[in-house]
Amino acid sequence: MQEQHIMVPPTTTVYCPQRGEGWTLTGITGIDEYTSVMFGGVRYTISAKEIVEQLLPNQQARENN
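What counts and how
Residues numbered from 1 in each chain as written. Predicted model: local features only at pLDDT ≥ 70, side-chain atom pairs only at ≥ 80, totals over all residues. Heavy atoms only, no water. Helix = DSSP H or I, 4+ residues; strand = E, 2+ residues; numbered from the N terminus. Rg over C-alpha atoms; globule rule 2.2 N^0.38 Å. Buried < 20%, exposed > 50% of the residue type's maximum accessible area, 1.4 Å probe, protein only. Contact = heavy atoms within 4.5 Å. Areas by Shrake-Rupley, 256 points an atom, 1.4 Å probe, with all protein chains shown as cover. Lys, Arg positive; Asp, Glu negative; His and termini not counted. Charge placed at Lys NZ, Arg CZ, Asp CG, Glu CD. Core = buried A, V, L, I, M, F, W, Y, C linked by side-chain atoms within 4.5 Å.

(A) How the structure looks around the overall build of the protein. Counting its secondary structure elements, the protein contains one helix and six strands. Going from the N terminus to the C terminus, the protein shows its helices and strands as β-β-β-β-β-β-α. Expected size for 65 residues packed as a compact globule is a radius of gyration near 11 Å; at 11 Å, the protein falls within 12% of this value. Each of the three principal axes of the protein carries a C-alpha extent, and together these read 35 × 25 × 20 Å. When each of the 65 residues of the protein is scored for burial, the buried share is 35%. Partitioning the contacts of the protein with sequence separation of at least 6, the portion at a separation of at least 24 is 28%. Surface exposure of the protein reaches about 4,300 Å², of which carbon and sulfur atoms provide 48%. If the 4 positive side-chain charges of the protein are averaged to one point and the 7 negative ones to another, these points end up 7 Å apart.

(B) Here's a closer look at unusual backbone geometry. Phi at Thr11 is positive, roughly 65°, even though this residue is not glycine. Within the secondary structure, Thr11 sits in the loop between strand E1 (5-8) and strand E2 (13-16).

(C) Local environment of the nonpolar core. Residues Val14, Ile28, Val37, Phe39, Ile46, Ile51 and Leu55 are the most contacted members of the largest nonpolar core, which totals 13 residues. Secondary structure elements with two or more residues in this core: E1, E2, strand E5 (34-39) and helix H1 (48-64). Among the elements that make up this core, the one with the highest residue count is H1 (four residues).

(D) The side chain of Thr12, seen in detail. Along the chain, the position of Thr12 falls in the loop between E1 and E2. On the basis of relative accessibility, which here comes to 16%, the residue Thr12 falls in the buried class. Thr12 has contacts with Gly22, Trp23, Thr24 and Leu56, leaving out every residue within four places of it along the chain.

Listed below in structure tokens is the structure:
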């Protein structure tokens, strides 16, 4: 199975209902990666899949409202 390639640059803003607004500390180039995300001064390691499927759409929805 081939890894899906995506491109999310560092410092991309994301939103998590539990942690609030945050941003990626490193870029994402593949869906199977893990990356660092900063929420409220705390660094979390989160899967690229969760970022692409949940956190980015959450932020986009907030920006559109």
